[in-house]
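# Structural features, examined
The residues making up each chain are set out below.
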Amino acid sequence: MTNNSTPLAVFDLDGTLADTAHRQRFLERKPRNWDAFFAAAPHDPPLAEGVALALEHAEECEVLYLTGRPERCRKETVAWIAAQGLPEGRIRMRRDDDRRPARRTKLQILQELARNREIRVLVDDDELVCADAERAGFTVVRARWAAASAALAEAQERDGRT
C-alpha cells in the first residue's frame, strides 16, 4: 500500500525503535568516535514500545523511517529493520556530508512529504525535533521509552550527525 491516499506514519530509529545505550560511550569521549558509533548500530536491541507502535500504525499507514543516520549506513539499517520484524518501508537518511541539526533536516523532509501525503504521525525521541514538528502542525508521539542520553542530544543538535 504505497499510493498517495495512504497516510504516512513516520518513525525515527535511534532512541525510538533502536536502543543505542550500548554505543553511547563513543559519543561521550572527546573527540567523538562517529565511525565506531555507527559501526555498532547493527547490534542495537529493539525498543519493544516503538516496535509495537510501528506495527500498530502499519495496519492503516505506510511506515516511513526518517533517521539522522548517514546514508553510508543504509545497508546495515535495512538489514536491522528486517531483522526486528518491523514493517517494510522507505528509509530517508541524512546525506553523508549533511551536518545540519536533526530538527532542521527532519522538519524539511516532513514538509516535503506533507505536500503530497497525509502524515498521520511522527514518532521521535528528539525533543527539539518533536517541538518543531508540532509547531509546524504535525501530530507527534514523543518516544520516551529509552534512557535519555545527553551526549546523543548534543550530537543531534550541535554536530548534526544523527
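In case you missed it, the structure is sitting above this.
All figures in this text were calculated on a predicted structure; none of them were measured in a lab. One numbering rule holds for all chains: residues counted from 1, following each sequence as written. Predicted model: local features are reported for residues with pLDDT of at least 70 only, side-chain atom pairs are reported and counted for 80 or more only, and whole-chain, interface and lining totals are derived from all residues. Hydrogens and water molecules were not included; the side-chain quantities draw on all heavy atoms of the structure.

Between rings of Phe, Tyr and Trp, where Trp is taken as its six-membered ring, a pair exists when centres lie within 6.5 Å; planes separated by under 30 degrees are stacked, by over 60 edge-to-face, and by other angles tilted. Using the criterion set out here, one finds three aromatic pairs in the structure. Members of the aromatic cluster, each reached through a chain of ring pairs, are W34, F37 and F38.

A few words now on the environment of P70. Helix and strand assignments follow DSSP, with helices taken as H or I runs no shorter than four residues and strands as E runs no shorter than two, numbered in order from the N terminus. Looking at the secondary structure, you find P70 in strand 2 (residues 62-70). Note on classification: 1.4 Å probe, protein chains only; a residue is buried when its accessible area is under 20% of the maximum for its type, exposed when over 50%, partly exposed between these limits. Taking the relative accessible area as the measure of exposure, P70 reaches 4% and is therefore buried. For the pair formed by P70 and D98, sequence separation is 28 residues and the distance between their alpha carbons is 8.1 Å.

Mapped onto the secondary structure, T77 falls in helix 3 (residues 74-83). A relative accessible area of 1% means that T77 is categorised as buried. Residue contacts are counted whenever heavy atoms from the two residues lie within 4.5 Å of one another. Residues within four places of T77 in sequence aside, it is in contact with L13, R69, I91 and M93.

With five of its six residues buried, strand 4 (residues 119-124) lies for the most part within the structure. Pairing between strand 1 (residues 8-11) and strand 4: four bridges, direction parallel. Counted as the bridge partner of V10 is L122 from strand 4. Strand pairing is assigned whenever DSSP identifies at least 2 bridges connecting the two strands. Where strand 4 meets strand 5 (residues 140-142), three bridges bridge the pair, whose relative direction is parallel. Looking at the pairing, D124 lines up with R142 of strand 5. Regarding the hand of the β-α-β motif, the stretch spanning strand 4, helix 5 (residues 127-135) and strand 5 is right-handed. For crossovers, right-handed means that the path from the first strand over the helix to the second runs clockwise, given strands pointing away from the viewer.

This next bit is on the nonpolar core. Remark: nonpolar core denotes a set of buried residues (Ala, Val, Leu, Ile, Met, Phe, Trp, Tyr, Cys) joined through side-chain atoms within 4.5 Å. Ranked by internal contacts, the top residues of the largest apolar core, which has 27 residues, are F11, L17, Y65, W80, I81 and L86. Elements with a contribution of two residues or more to this core: strand 1, helix 1 (34-39), helix 2 (48-57), strand 2, helix 3, strand 3 (90-94) and strand 4. Sorting elements by how many residues they give to this core places helix 1 first, with four residues. In this structure, L86 is in contact with L17, V51, A54, Y65, W80 and I81, ignoring residues within four places of it in sequence. By size, the runner-up hydrophobic cluster in this structure holds 16 residues, among which are I109, C130, A133 and F138.

Quick look at unusual backbone geometry now. A cis amide bond, omega -10°, links K30 with the succeeding residue P31. On the secondary structure map, P31 appears in the loop between strand 1 and helix 1.

Pairing within the open sheet is parallel, and its five strands lie in the order 3-2-1-4-5. Two strands bound the open sheet, and with one partner strand each, they are strand 3 and strand 5. Across the sheet, the mean angle separating the axes of adjacent strands is 20° when strand polarity is ignored. Where helix 3 meets the sheet, its contacts fall on strand 2 and strand 3, and the angle it forms with strand 3 comes to roughly 140°. Across the sheet, helix 4 (residues 102-114) is in contact with strand 1, strand 2, strand 3 and strand 4; its angle to strand 2 comes to roughly 150°. Under this scheme, a helix contributes an axis fitted over its contacting stretch, all axes are lines through C-alpha atoms, and angles between N-to-C directions fall in the 0 to 180 degree range.

This next bit is on helix 2. Those residues of helix 2 lying buried are G50, V51, L53, A54 and H57. The arc that holds every buried residue of helix 2, seen down its axis, measures 160°, which confines them to one face. Where the residues of helix 2 are buried, they touch strand 1, strand 2, strand 4 and strand 5. Taking the helix axis as origin, the arc is that swept by the directions to the C-beta atoms.

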